[in-house]
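Residue strings, one per chain:
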Amino acid sequence: MKFFNKLEEWIGGALFLVIFGILVAQILFRQAFQSPLIWSEELAKLLFVYVGMLGISVAIRKQEHVYIDFLTNLMPASIKKVTNSFVQLVIFLGIIFFIHFGIKTFLGADFPIDALGGISEKWIYASLPIISILMLVRFFQAQADNFKEDKSYLPATFFIVSAVILLGILFTFPEWYKVLRITEYVKFGSNSVYVALIFWLVIMFLGVPVGWSLFITTLLYFSMTRWNVVNAAAEKLTMSLDSFSLLAVPFYILTGILMNTSGITERIFNFAKALLGHYTGGMGHVNIGASLLFSGMSGSALADAGGLGQLEIKAMRDAGYDDDICGGITAASCIIGPLVPPSIAMIIYGVIANESIAKLFVAGFVPGILVTIALMIMNYYVSKKRGYPRTPKATREELCTSFKKAFWAILTPLLIIGGIFSGLFSPTESAVVAATYSVIIGKFVYKELTMKMLFNSCVEAMAITGVVALMIMTVTFFGDMIAREQVAMRIADIFVAVADSPLMVLVMINALLLFLGMFIDALALQFLVLPMLIPIAMQFNIDLVFFGVMTTLNMMIGILTPPMGMALFVVARVGNMSVSTVTKGVLPFLIPIFLTLVLITIFPQIITFVPNLLMS
């Protein structure tokens, strides 16, 4: 039983390591032996599809998918229980349809994958039905736990019986889908998309995980319009993960985890302390500087907040800083991560916008430095006003010692960016190089990383990747509805009617994202609105590289603003303080971040100058 309960973790962790090995071999054979492997990329993508879906299964068992809970948190216990039962029912239906569409697409797949010796693409499509069945089992287990903890009115047996009946109907009666055609009962016509979008907003704010809400909403749309094309659209569920660019995401996540588990973050922090600690507001500057260094390795805001956060907050407390400033600076500085290359947010944007990830990496560097300087200026002002003490200035010997200890870690961002610029490897391969480098210095230089820790880190990276994978699958499916109904063009028409210049369009988009960012997680927001906003930017001839950096910074402000500021929650947890304390502390630091957003919006050349100069 223990083996079965850990099935996804063991298989997913092993596959993750296999992908790791394949991509390392790909880089070595091309660079060292000038003999590229023609099969490595396709095999890595195929295995990634399985790893991503196994991560979804883990998230279902642990109930860790991204959802909006600020409304449900205000509900009385009895109503909250009913709402949770509804949420679980929606997820259940989503998994049932995953199984159904998985089998349909598997049976219809017949093209060969030439790079893998002509094997059938069924090997890719088989991932959805096989792992969806495992998702269903994990869902049953989660419901058994919910019922024991009195979180739901619906026991696991209800879902088991329902699953048997529904799957029996789906595969026994070929014409079953006619029952689902809402057009048989009521016709919404051109209003179908609006009905679907309203339904989506309602169930999402009732607590349905964002990924599942997108999936169920799209099914509702097809049932109101053209159900006969839903199977063709469902192929995108699996193929959306068959992307080499997306492989960078799990490996940058892995790099961040390895940095935390092998003592690298502590050495980075100590070097920043020796360098900046003696200035006014020194420990705040150390916090911000360490975030800048760490962001050049992990590319994730929450990895910074969770990894360096505990270390930073403890050091600031010991130096006499108040809790609100400790938490506020830690939360504010973590947003540097998605701006400074490498950046997971930029990778996702690049995939959605079909834009050069290398250009986006370069473009994020200047605004990342601007945010760093702006935060330091505000930290200096607040620290001087409150009279925080300086730490003793490090001696030259102490500075050299801390630099030597952090030297190998500090080389990581230079290795990544240098490799991309020189053409030695792609942005995806740079993530693999960063992870490999982290393993080497963690194991052989700092000697704190064990093989067990490496495997556990791969499992953790797989689980986090699962959250992203569900979003990618369902937003691609949802995007089919958006494209068919030309929703982006309709929104663009509204913008054209109100705005008379690209700058006004950018102001409107910023205002929209700042508002939505208060309620929707940054990752979810990126998947939800960018497919609709990018065509608008193109229509107004707005540079998509600039647009990617601007929207990323905007969404990072969202993770610092209540009620859905994820960075506030993470920092509160690692710092053992209340969310209100962190929120109070972060407010002064929102001013310089917002001013930086205004500056780059008015002067896009700040962002586009460097990538145009280096990569024209």
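In what follows, the structure referred to is the one given above.
Below: a short report on this structure.

Calculation notes
- Residues numbered from 1 in each chain as written.
- Predicted model: local features only at pLDDT ≥ 70, side-chain atom pairs only at ≥ 80, totals over all residues.
- Heavy atoms only, no water.
- Helix = DSSP H or I, 4+ residues; strand = E, 2+ residues; numbered from the N terminus.
- Rg over C-alpha atoms; globule rule 2.2 N^0.38 Å.
- Buried < 20%, exposed > 50% of the residue type's maximum accessible area, 1.4 Å probe, protein only.
- Areas by Shrake-Rupley, 256 points an atom, 1.4 Å probe, with all protein chains shown as cover.
- Lys, Arg positive; Asp, Glu negative; His and termini not counted.
- Charge placed at Lys NZ, Arg CZ, Asp CG, Glu CD.
- Salt bridge = Lys/Arg side-chain N within 4 Å of Asp/Glu carboxyl O.
- Expected span 1.5 Å × (residues − 1).
- Axes fitted to C-alpha atoms, helices over the stretch in contact; angles between N-to-C directions.
- Parallel < 35°, antiparallel > 145°, perpendicular 65-115°, else oblique.
- Left-handed = near helix turned anticlockwise from the far one by under 90°.
- Contact = heavy atoms within 4.5 Å.
- Nonpolar A, V, L, I, M, F, W, Y, C, P; charged D, E, K, R; others polar.
- Core = buried A, V, L, I, M, F, W, Y, C linked by side-chain atoms within 4.5 Å.

### Examining the overall build of the protein
Now for step 1: Looking only at helices and strands, the protein has 28 helices and 2 strands in total.
Now for step 2: In summary, the protein has a C-alpha radius of gyration of 24 Å against a globular reference of 25 Å for 616 residues, a match within 12%.
Now for step 3: For the protein, buried positions account for 57% of its 616 residues.
Now for step 4: Here the protein has roughly 24,900 Å² of accessible surface; of this, 68% comes from carbon and sulfur atoms.
Now for step 5: Across the protein, 38 positive and 35 negative side-chain charges occur, with their mean positions spaced 6 Å apart.

### Here's the deal with the pattern of salt bridges
Now for step 1: Counted according to the given criterion, the structure contains 11 salt bridges.
Now for step 2: With its nearest N and O atoms 2.8 Å apart, the salt bridge here joins arginine 30 to glutamate 429. Placement of the pair is arginine 30 in helix H2 (residues 7-31) and glutamate 429 in helix H20 (residues 427-445), with a sequence separation of 399 residues.
Now for step 3: Owing to a relative accessible area of 26%, arginine 30 belongs among the partly exposed residues under this scheme.
Now for step 4: For arginine 386, the salt bridge identified is with aspartate 322, shortest N-O distance 3.1 Å. On the criterion of sequence distance, the pair formed by arginine 386 in helix H18 (residues 357-386) and aspartate 322 in the loop between helix H15 (309-318) and helix H16 (323-333) is long-range, its members being 64 residues apart.
Now for step 5: Judged by its relative accessible area of 36%, aspartate 322 falls in the partly exposed class.
Now for step 6: Several salt bridges converge on common partners, so that one network encompasses Lys6, Glu9 and Lys62.

### Overview of helix H11 (residues 248-261)
Now for step 1: Taking 1.5 Å per residue as the helical rise, H11 with its 14 residues ought to reach 20 Å, and the 20 Å between its terminal C-alpha atoms agrees with that figure.
Now for step 2: Within H11, 12 of the 14 residues are buried, which leaves it mostly tucked inside the rest of the structure.
Now for step 3: Taken together, the buried positions of H11 are occupied by Ala248, Val249, Pro250, Phe251, Tyr252, Ile253, Leu254, Thr255, Gly256, Ile257, Leu258 and Met259.
Now for step 4: Positive phi appears at glycine 263, one or two residues downstream of H11, with a value of about 80°.

### Here we look at the packing of helix H19 (residues 396-422) against H20
Now for step 1: Two numbers describe how H19 lies on H20: the axes approach to 9 Å, and their chain directions differ by 160°. In terms of axis orientation, H19 runs roughly antiparallel to H20. In this structure, H19 meets H20 at a crossing whose hand is right-handed. Between H19 and H20, the contacting residues are Trp408, Ala409, Leu411, Thr412, Leu415, Ile416 and Ile420 on the first element and Pro427, Ser430, Val433, Ala434, Tyr437, Ile441 and Val445 on the second.
Now for step 2: When the residues that make up the contact of H19 with H20 are grouped by side-chain class, the tally is 12 nonpolar, 2 polar and no charged.

### Remarks on the nonpolar core
Now for step 1: Of all hydrophobic cores here, the largest spans 204 residues; its most connected members are Phe215, Phe251 and Phe547.
Now for step 2: Examining the composition of this core, we find that 17 residues originate from one element, helix H21 (residues 451-484), more than from any other.
Now for step 3: Phenylalanine 215 has contacts with Gly94, Phe97, Phe98, Phe101, Leu237, Thr474 and Phe477, leaving out every residue within four places of it along the chain.

### Points about unusual backbone geometry
Now for step 1: Phi at asparagine 354 takes a positive value of approximately 55°, unusual for a residue other than glycine.
Now for step 2: Relative to the elements of secondary structure, asparagine 354 occurs in the loop between helix H17 (344-353) and H18.
Now for step 3: Here asparagine 541, not a glycine, exhibits a phi torsion of approximately 55°, which is positive.
Now for step 4: Tracing the chain through its elements places asparagine 541 in the loop between helix H24 (522-539) and helix H25 (544-558).
Now for step 5: According to the relative accessible area criterion, asparagine 541 is exposed, its value standing at 72%.

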